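# Report on the structure
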Protein chains: 2
Amino acid sequence: MLFEIVMRACIERAWQSQTLALPNPSVACALLSPTNEVLALQAHSKAHTPHAEVLALRQAFNALSPAPMPAHLDPLDKEANYRFLAQNHSGLFKDCTLVVTLEPCNHFGKTPPCAALLEQVHPKRVVVGTLEPSKKAQGGLKRLKQAGVEVLSGVLEKACSDLLTPFTCLENKGAFNLFKIATRLDGSYLGKISDQESQIFTHNQRTVANHLIISGKSVRLDRPTLNTRLATPPYQGLCHAAILTRNTSPFDPTIPLFGVKGRRVQVCHEVKQLPLKQGFNVIEGGWGLFESLRDHIDMLLIHTNASLQEGAQGLACHCTQGFKPLHSQILGQDMLAWLA
Amino acid sequence: MLFEIVMRACIERAWQSQTLALPNPSVACALLSPTNEVLALQAHSKAHTPHAEVLALRQAFNALSPAPMPAHLDPLDKEANYRFLAQNHSGLFKDCTLVVTLEPCNHFGKTPPCAALLEQVHPKRVVVGTLEPSKKAQGGLKRLKQAGVEVLSGVLEKACSDLLTPFTCLENKGAFNLFKIATRLDGSYLGKISDQESQIFTHNQRTVANHLIISGKSVRLDRPTLNTRLATPPYQGLCHAAILTRNTSPFDPTIPLFGVKGRRVQVCHEVKQLPLKQGFNVIEGGWGLFESLRDHIDMLLIHTNASLQEGAQGLACHCTQGFKPLHSQILGQDMLAWLA
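Remember, it's a predicted structure, so these values are computed and weren't measured experimentally.

## With respect to the relation of the copies chain B and chain A
Each copy superposes on the other: chain B lies on chain A with an RMSD of 0.0 Å after a rotation of 180° and an axial shift of 0.0 Å. The superposition operator between the copies reduces to a two-fold rotation axis. Using C-alpha coordinates, one finds that chain B approaches the rotation axis most closely at Gly-187 of chain B, a distance of 2.0 Å. Looking at the interface residues of chain B, 100% of them are also at the interface in chain A, so both copies use one shared face.

So, in structure tokens, the structure goes:
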């Protein structure tokens, strides 16, 4: 039951940065000491930074080693941390158990695979949630078994595989289209809604997205900026925008959305002109926009603010559809629900 | 970090039966072996059945003892399980750690206090989330410390104390009024909404409630039964009903609500006539009923079904109010949110 409980904690942690590591999958990893103390719990939360396994080994290294990691070693430097651990583990992890939501990767990118690092570091046991779905990265567990590491897989398999939905969608069809809506408890969604923590998440998500898709109506009414000013660390992602509008009159060019440096804004009068066929696209809008794009939407993310607003009635929804709730979490005064 | 992760798992488990053990608090408990294996995880989910500590010790006994619990011992018999563990623990738990969301009780009811059982069973360590708020049950940790048990308290204190909201409200003011609403993702709440698992939870909750309060409008329109036919185990609780209606014309007596055996139905034309001053009362309705009763509502429970329904628009809400989200969880096709 310990492995299930630790895996559940990894799953929760991984959902906290869901989509933020795209095009990589959302993965979290924990490291247990020989007496099953939890030494580390880490998620991979941005592409080109260390994988969850490396982050967890790094955190555990500091707990186990008499000498800490060198101060000059940037925690976000993928290659340097990999190399440091491979060279300096000194058998520290040999009686430890590594728990990870996804099979460790087995392909060479900028760094050698996590499976190769684990082979060297050689923990006693690796506990895995779900197997790597991407052919090019498969084989990690086989490699570890051959190296004599005890392997246990399929722990909370379904929940770990749900975590991969955005990643596998992007892998399989080349695009992942997420519809994001912010509402209140009463279903209303006009005016300013979201809590600051929730907004930070949204801005971080925009730094990763290829396109932001919004409706002409919301551009004209709300005059939004839709940039990434709240992202952590501050990062002005290029996140291009596409506007779906049936109204052919031009937009006021002083609307801040059009002034974001380096951003392209595409005005589309038909759904087929929208950039929905490639990359990670975030559609931010209300149920009207959802209805127009429903055939293209892969997942739904609802930010529900814990409030009621007098007279701020939700708009009637013009479609009937059932979803599968994958995860729900609290973020400040908002509740986030992920559905597929 | 292990204790935090196990405590978090206890908190999640306890919310799954939130309000169902009233007038007792919602509490969950885990037992860790000397090597920190999780041997047991249990919640107290009904008054007059064993406390979480006893249930966890029972489950761990079966994992540790060469001889299992006797088959004739009813798992739900509070006294028999307490007595059995006190007499037969044989030092099995002496190197174990007990993790529990609430300080073990220290008062005599039908059985002696949990703290007295733990004193006998004598685990190595007791890890506690929050202290017992009820004066008559306090002193458990002090007793354990005096008995030489290592005690660690305040682990995830805030989250553990949030769990107690219904209990402390009932203790402090003699009443706990929960407003429950079922909606869809679009905020609409007319017609049949909830998933079966969600309905089972609601029926279990009604078996514990003193009164169910509904609006005259919903009685006339929906002709509900509002009984406990789906409760597990099947149990026809008496859960009396009170209807708030401004319409003075009589109700059709063939509406099933009026035919539930042993139930009293009170028709109230004013809020002050409603049974809101005493006991655990569940108010089931829409935002109109919420608005009429908002000054009396202690907590909000929203069951959101993962669906959209064409044309089933939510009704405008006539009040502005902010809440604090305490917990969110998935239950079948529904998401439950608890707010205070």
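Anyway, onward from the coordinates.
## Section: the pairing of strand 3 (residues 97–102) of chain B
Residues and elements named next belong to chain B. Taking burial as the measure, the six residues of strand 3 include six buried ones, the bulk of the element. Summarising the sheet, strand 1 (residues 27–32) and strand 3 pair through four bridges and their orientation is antiparallel. Looking at the pairing, Cys-29 lines up with Val-100 of strand 3. With respect to chirality, the unit in which strand 3 leads through helix 4 (residues 114–121) into the neighbouring parallel strand 4 (residues 125–130) is right-handed.

## Details of the UniProt feature "domain: CMP/dCMP-type deaminase" (unreviewed entry) in chain A
Here, the residues flagged by UniProt with the feature "domain: CMP/dCMP-type deaminase" (unreviewed entry) are residues 1–152 of chain A. Measuring from the first to the last C-alpha atom of residues 1–152 of chain A gives 13 Å, for a span that is 36% helix and 18% strand.

## Some words on the sheet that holds strand 6 (residues 175–184) of chain A
Residue and element names in this part refer to chain A. Pairing is mixed in the open sheet, where eight strands are placed in the order 9-8-7-10-6-11-15-14. If you trace the sheet from one side to the other, it starts and ends with strand 9 (265–268) and strand 14 (325–331), each paired once. Between one strand and the next, the sheet's axes are offset by a mean angle of 20°, whatever the strand orientation. Alignment of strand 7 (residues 211–215) against strand 8 (residues 240–244), held across five bridges, turns out to be parallel. Considered in strand 8, the bridge of Ile-213 is made with Ala-242. Across the face of the sheet, helix 7 (residues 165–173) comes into contact with strand 6, strand 10 (279–284), strand 11 (299–305) and strand 14 while running at roughly 145° to strand 6.

## Considering the environment of His-327 of chain B
As for its placement among the helices and strands, His-327 of chain B is situated in strand 14 (residues 325–331). Leave out the neighbours within four places in its chain, and His-327 of chain B touches Ile-330 of chain A together with Glu-12, Trp-15, Leu-336, Ala-337 and Trp-338 of chain B.

## Brief notes about the domain arrangement of chain A
Many structure descriptions define interface size as the accessible area lost when the parts assemble. Residue and element names in this part refer to chain A. Under the domain assignment used here, chain A contains domain 1 (1–170) and domain 2 (175–339). Computed from C-alpha atoms alone, the centre-to-centre distance between domain 1 and domain 2 is 32 Å. The contact between domain 1 and domain 2 buries some 1400 Å² in all, and 70% of this surface belongs to carbon and sulfur atoms. Here domain 1 and domain 2 share zero salt bridges between them. Here domain 1 is connected to domain 2 by two residue pairs in polar contact (both at pLDDT 80 or more). Mapped onto the side of domain 1 that touches domain 2, the elements with two or more residues apiece are helix 1 (2–16), helix 6 (157–162) and helix 7. Among the elements that line the side of domain 1 that touches domain 2, the one with the most residues is helix 7, at four residues.

## Side note on the pattern of salt bridges
Residue and element names in this part refer to chain A. Using the criterion set out here, one finds 18 salt bridges over all chains in the structure. Across the pair Glu-270 and Lys-272 runs a salt bridge, and its minimum N-O distance is 3.8 Å. Glu-270 sits in the partly exposed class, given a relative accessible area of 39%.

## A look at the packing of helix 2 (residues 52–64) of chain B against helix 4 of chain B
All names here are of chain B. The contact between helix 2 and helix 4 brings their axes to 10 Å, and the two run at 30°. Put simply, helix 2 runs roughly parallel to helix 4. Across the interface between the two elements, Glu-53, Val-54 and Leu-57 of helix 2 pack against Cys-114, Leu-117, Leu-118 and Val-121 of helix 4. Residues of the contact of helix 2 with helix 4, tallied by class, amount to six nonpolar, no polar and one charged.

## Remarks on the interface of chain B and chain A
Contacts between chain B and chain A engage 50 residues on the former and 50 residues on the latter. Regarding the contact of chain B and chain A, the summed buried area is about 3900 Å², with carbon and sulfur atoms giving 63% of it. Summed over the shared surface of chain B and chain A, the number is zero salt bridges. Counting across the chain B and chain A interface gives 13 residue pairs in polar contact (both at pLDDT 80 or more). Broken down by secondary-structure element, the contributors of at least two residues to the side of chain B that touches chain A are helix 1 (2–16), strand 2 (38–44), helix 10 (287–293), strand 11 (299–305), strand 12 (307–308), strand 13 (321–322), strand 14 and strand 15 (334–339) of chain B. Ranked by residues supplied to the side of chain B that touches chain A, first place goes to strand 14 of chain B with six residues. Grouping the constituent residues of the side of chain B that touches chain A by class yields 27 nonpolar, 18 polar and five charged.

## Here we look at the environment of Pro-23 of chain A
Residue and element names in this part refer to chain A. With respect to the secondary-structure elements, Pro-23 resides in the loop between helix 1 and strand 1 (27–32). Along the primary structure Pro-23 and Gly-279 are separated by 256 residues, whereas in three dimensions their C-alpha atoms are 8.4 Å apart. The contacts of Pro-23, once residues within four sequence positions are left out, are Ala-47, Phe-167 and Leu-170.

## Some points on the state of the cysteines
Under the counting rule described, the total for this entry stands at zero disulfides over all chains. For Cys-169 of chain A, which is in no disulfide, the shortest distance to another cysteine sulfur is to Cys-239 of chain A and amounts to 18 Å. On the accessibility criterion, Cys-169 of chain A (15% relative accessible area) is buried. In this structure Cys-239 of chain B is not part of a disulfide, and its nearest cysteine sulfur, from Cys-268 of chain B, lies 14 Å away. On the basis of relative accessible area, Cys-239 of chain B is assigned to the buried category, the value being 5%.

## Overview of the confidence of the model for chain A
Overall, the predicted model of chain A reaches an average pLDDT of 94, with 98% of residues at or above 70. Here the complex is predicted with pTM 0.96, and the ipTM for its interfaces comes to 0.94.

Quick notes on the rules
- Residues numbered from 1 in each chain as written.
- Chains lettered and ligands numbered in written order.
- Predicted model: local features only at pLDDT ≥ 70, side-chain atom pairs only at ≥ 80, totals over all residues.
- Heavy atoms only, no water.
- Least-squares fit on C-alpha atoms with pLDDT ≥ 70 in both.
- Contact = heavy atoms within 4.5 Å.
- Buried < 20%, exposed > 50% of the residue type's maximum accessible area, 1.4 Å probe, protein only.
- Helix = DSSP H or I, 4+ residues; strand = E, 2+ residues; numbered from the N terminus.
- Pairing = 2+ DSSP bridges.
- Right-handed = clockwise from strand over helix to strand, strands pointing away.
- UniProt positions renumbered as here; feature names shortened; annotations may be inferred.
- Axes fitted to C-alpha atoms, helices over the stretch in contact; angles between N-to-C directions.
- Domains from an automatic or database assignment.
- Buried area = accessible area lost by both parts, 1.4 Å probe.
- Salt bridge = Lys/Arg side-chain N within 4 Å of Asp/Glu carboxyl O.
- Polar contact = N/O pair within 3.5 Å; in protein donor to acceptor, adjacent residues only side chain to side chain.
- Parallel < 35°, antiparallel > 145°, perpendicular 65-115°, else oblique.
- Nonpolar A, V, L, I, M, F, W, Y, C, P; charged D, E, K, R; others polar.
- Disulfide = S-S within 2.5 Å.
- pLDDT = per-residue confidence, 0-100.

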